[in-house]
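Given next are the chains, with one letter for each unit.
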Amino acid sequence: AALKAGFAMSADYTYGKGDYTFAFTEAENTMNGSATVESGNFNVVMDKDKLGYGAGSKGAVVTVAGSQIPFPELKVSYAESVFNFLMPVSKSDTPSDFAVVTKIIDLALPEEVWAMADPTAALPHDPLTVAIDTKGSAKLNIDMMDAAAMEAAGDAAPGELHSLDLTELTVKAAGAEIVGSGALTFDNTDTTTFQGMPAPTGTVDFKVTGANALMDKLASMGLIPEDQLMGARMMLGMFAKMVEGQTDTMTSTVEFKDKGLFVN
């Protein structure tokens, strides 16, 4: 009721370098640690049409020790972490913007953790990165803040997806990397061609580096049986093509058009 009457809020908060320490004891369990962060931010926006939230930090280092940790200490660091989302909340006759962003950049794990998963050091122990940045537009058929309307909707979709942009996809781990980007629009009058999903139109491009080398190493570690390795290579060959002049690099273009799916 307050939102419909005009209640709105918007807040942005930033902070500089911070240092934290903590310690606790509970029965026989103990834990202590410290954390530092170079900078960070927090934001929130809310009114009758939208709800948004975001937070992030840079240059974080966390060190923890305790009775439940199987190492003298556990130290984890990352260059940057980001989480943001924006969503419409009100019924509308026209599409509204939404966005979801989540990133963890250069997450460095201690060698003790790597040793548990990779005791022979067969894999590169480089920092890990996962980044997903999406945005689009959707039209709601019900008010998300109306509890009665949400209950009456049951399992039905609350609205229609009209567009989706993959601004960034990056996954870097164990010497391999996947990057991707693309854009799709959706025909909500056709939900039969793709079995309940509105028919998409658009293209998404991917580039994969180091996948074959990673699969070889996982097979040598006994984590992938030979028959599964062959199946994985065949599947990769169906959807990706090698880039001439570049080592272990493949690309894939996935296109939705004319009510069909086309690869390369």
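Structure: see above.
Residues numbered from 1 in each chain as written. Predicted model: local features only at pLDDT ≥ 70, side-chain atom pairs only at ≥ 80, totals over all residues. Heavy atoms only, no water.

A short note on the packing of aromatic side chains
(1) Moving on: Taken as a whole, this structure holds five aromatic pairs when the rule is applied.
(2) Moving on: Judged by centre distance (6.2 Å) and plane angle (50°), the rings of Phe83 and Phe85 are tilted.
(3) Moving on: With a centroid separation of 5.8 Å and an interplanar angle of 70°, the aromatic rings of Phe194 and Phe256 are classed as edge-to-face. Here Phe194, found in the loop between β10 (176-187) and β11 (199-209), pairs with Phe256, found in strand β13 (residues 249-257); they are 62 residues apart in sequence, far enough to count as distant.
(4) Moving on: Phe256 gets classed as buried once you look at its relative accessible area, which sits at 16%.
(5) Moving on: A cation over a ring is seen here: Lys257 above Phe262, with NZ or CZ 5.3 Å from the ring centre. (Phe/Tyr/Trp six-rings, centres within 6.5 Å; stacked < 30°, edge-to-face > 60°. Helix = DSSP H or I, 4+ residues; strand = E, 2+ residues; numbered from the N terminus. Buried < 20%, exposed > 50% of the residue type's maximum accessible area, 1.4 Å probe, protein only. Lys NZ or Arg CZ within 6 Å of the ring centre and 35° of its normal.)

Description of the side chain of Asp133
(1) Moving on: Tracing the chain through its elements places Asp133 in strand β8 (residues 128-140).
(2) Moving on: Salt bridges are absent for the buried Asp133, whose nearest opposite-charge side chain, Lys103, sits at 4.6 Å. (Lys, Arg positive; Asp, Glu negative; His and termini not counted. Salt bridge = Lys/Arg side-chain N within 4 Å of Asp/Glu carboxyl O.)

Details of the side chain of Asp118
(1) Moving on: Along the chain, Asp118 turns up in the loop between α1 (111-117) and β8.
(2) Moving on: With no salt bridge to any partner, buried Asp118 finds its closest opposite charge in Lys217, at an N-O distance of 8.5 Å.
(3) Moving on: Among the polar contacts made by the side chain of Asp118, one reaches the side chain of His125 at a distance of 2.9 Å. (Polar contact = N/O pair within 3.5 Å; in protein donor to acceptor, adjacent residues only side chain to side chain.)

What about the layout of surface pockets?
(1) Moving on: Taken as a whole, the largest pocket encloses approximately 210 Å³ of empty space.
(2) Moving on: Glu177, Ile178, Val208, Ala211 and Leu236 are, among the 17 residues lining the largest pocket, the residues nearest its centre.
(3) Moving on: Within the residue set of the lining of the largest pocket, elements represented by two or more residues are β9 (159-173), β10, β11, α3 (211-220), α4 (226-239) and β13.
(4) Moving on: Residues that form the lining of the largest pocket fall into these classes: twelve nonpolar, three polar and two charged. (1 Å grid on protein atoms, 1.4 Å probe; cavity = no way out; pocket = protein on both sides within 12 Å on 5 of 7 lines; lining within 4 Å. Points joined across faces, edges and corners; volume = space filled by probe spheres on them. Nonpolar A, V, L, I, M, F, W, Y, C, P; charged D, E, K, R; others polar.)

Overview of the pattern of salt bridges
(1) Moving on: Throughout the structure, instances matching the rule amount to eight salt bridges.
(2) Moving on: Between Asp143 and Lys4 there is a salt bridge, with the nearest N and O atoms lying 3.9 Å from each other. Taken together, the residues Asp143 in the loop between β8 and α2 (147-153) and Lys4 in the segment before β1 (9-15) connect sequence positions 139 residues apart.

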